[in-house]
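Listed below are the residues making up each chain.
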Amino acid sequence: MVKTYNEEQIKDILPHRDPFLFVEKMEIIEDGIEGIGYKNITMDMDFFKGHFPGNPIMPGVIQIEAMAQVAGCVAIENMPDYKENKRGVFFMSINNVKFRHPVVPDTLLKMHVKKIKGRANVFVFEGKAYIGDTLCCEAELTAMITK
């Protein structure tokens, strides 16, 4: 059964806040394994002021961060004691990054992540970000769950 989270529920899982929370809605497809996050990309986002004026494009590093936030939610949401034990998710590495298509304002970024490896408290997720059916970015994201 798919679990759906709104932005307030995501804030209960992640420590990120505006302007650095890049997930507004999430669907957990399989607990601890797979999820999809969504972010409406709007012209009023802070980074568009300087990247690039007159030709606004979402920075690639922000696309990666958005996918990592979705992966973090998927990984930690499956741990019912994450709040009580003050667990957090920290980025360890990014591999095989490819940017395929620019992400521009007035679009919906859909980020699909799926765990491909996991050992103890370290997880590797495959992430892909889309606008509609167009693949914009893909990467392998490694993270660690800590106290």
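For the structure, check the block above.
Residues numbered from 1 in each chain as written. Predicted model: local features only at pLDDT ≥ 70, side-chain atom pairs only at ≥ 80, totals over all residues. Heavy atoms only, no water.

(A) Region of the structure containing the nonpolar core. One finds I10, M26, M58, M67 and L109 to be the most contacted residues of the largest nonpolar core, which totals 38 residues. For this core, the elements supplying multiple residues, two or more each, are α1 (7–13), β2 (25–30), α2 (60–77), β5 (107–119), β6 (122–131) and β7 (134–146). Contact partners of M58, with chain neighbours within four places excluded, come to I41, F47, F48, H51, Q63, V103 and L109. (Core = buried A, V, L, I, M, F, W, Y, C linked by side-chain atoms within 4.5 Å. Buried < 20%, exposed > 50% of the residue type's maximum accessible area, 1.4 Å probe, protein only. Helix = DSSP H or I, 4+ residues; strand = E, 2+ residues; numbered from the N terminus. Contact = heavy atoms within 4.5 Å.)

(B) Quick peek at the side chain of T142. Its location among the elements puts T142 in strand β7. By relative accessible area, T142 is classed as buried at 10%. Contacts of T142, omitting those with residues within four sequence positions, involve F90, F91, M92, S93, V122, F123 and V124.

(C) Highlighting the layout of surface pockets. As a volume, the largest pocket reaches approximately 270 Å³. Every residue lining the largest pocket is counted, 18 residues in all, and those nearest its centre are H16, A68, V89, F90 and F91. Those elements giving two or more residues to the lining of the largest pocket turn out to be α2, β4 (88–99) and β7. Per-element tally for the lining of the largest pocket: the top contributor is α2, with six residues. Taken together, the residues that form the lining of the largest pocket break down as twelve nonpolar, five polar and one charged. There is about 190 Å³ of room inside the second largest pocket. Forming the walls of the second largest pocket are 14 residues, and the residues nearest its centre are D18, P19, F22, M45 and D46. In terms of residue class, the lining of the second largest pocket is built from seven nonpolar, two polar and five charged. (1 Å grid on protein atoms, 1.4 Å probe; cavity = no way out; pocket = protein on both sides within 12 Å on 5 of 7 lines; lining within 4 Å. Points joined across faces, edges and corners; volume = space filled by probe spheres on them. Nonpolar A, V, L, I, M, F, W, Y, C, P; charged D, E, K, R; others polar.)

(D) Fine view of the sheet that holds β2. The strand order across the open sheet built from seven strands is β1-β2-β3-β5-β6-β7-β4, with neighbouring strands paired in antiparallel fashion. Strands with a single pairing partner mark the edges of an open sheet, and in this sheet they are β1 (3–5) and β4. Averaged over all neighbouring strand pairs, the angle between strand axes comes to 25°, with direction disregarded. As defined by bridge partners, strand β3 (residues 34–41) adjoins β5 across eight bridges and the pair is classed as antiparallel. Across the sheet, residue N40 finds its bridge partner in β5, namely L108. (Pairing = 2+ DSSP bridges. Axes fitted to C-alpha atoms, helices over the stretch in contact; angles between N-to-C directions.)

(E) Representation of the packing of aromatic side chains. In total, this model carries three aromatic pairs according to the counting rule given. A centroid spacing of 4.9 Å and a plane angle of 65° characterise the contact between F20 and F22, whose relative ring orientation is edge-to-face. On the accessibility criterion, F22 (2% relative accessible area) is buried. Here F22 and F47 contribute two aromatic rings whose centre-to-centre distance is 6.5 Å and whose plane-to-plane angle is 55°, an arrangement assigned as tilted. With a gap of 25 residues between them, F22 in the loop between α1 and β2 and F47 in the loop between β3 and α2 connect regions that are remote in the sequence. Of note, K25 hangs over the ring of Y38, and the distance from its end group to the ring centre comes to 5.5 Å. The ring of Y130 carries the charged tip of K110 above its face, separated from the ring centre by 5.8 Å. (Phe/Tyr/Trp six-rings, centres within 6.5 Å; stacked < 30°, edge-to-face > 60°. Lys NZ or Arg CZ within 6 Å of the ring centre and 35° of its normal.)

Read these as layout, nothing more, since geometry by itself doesn't imply function.
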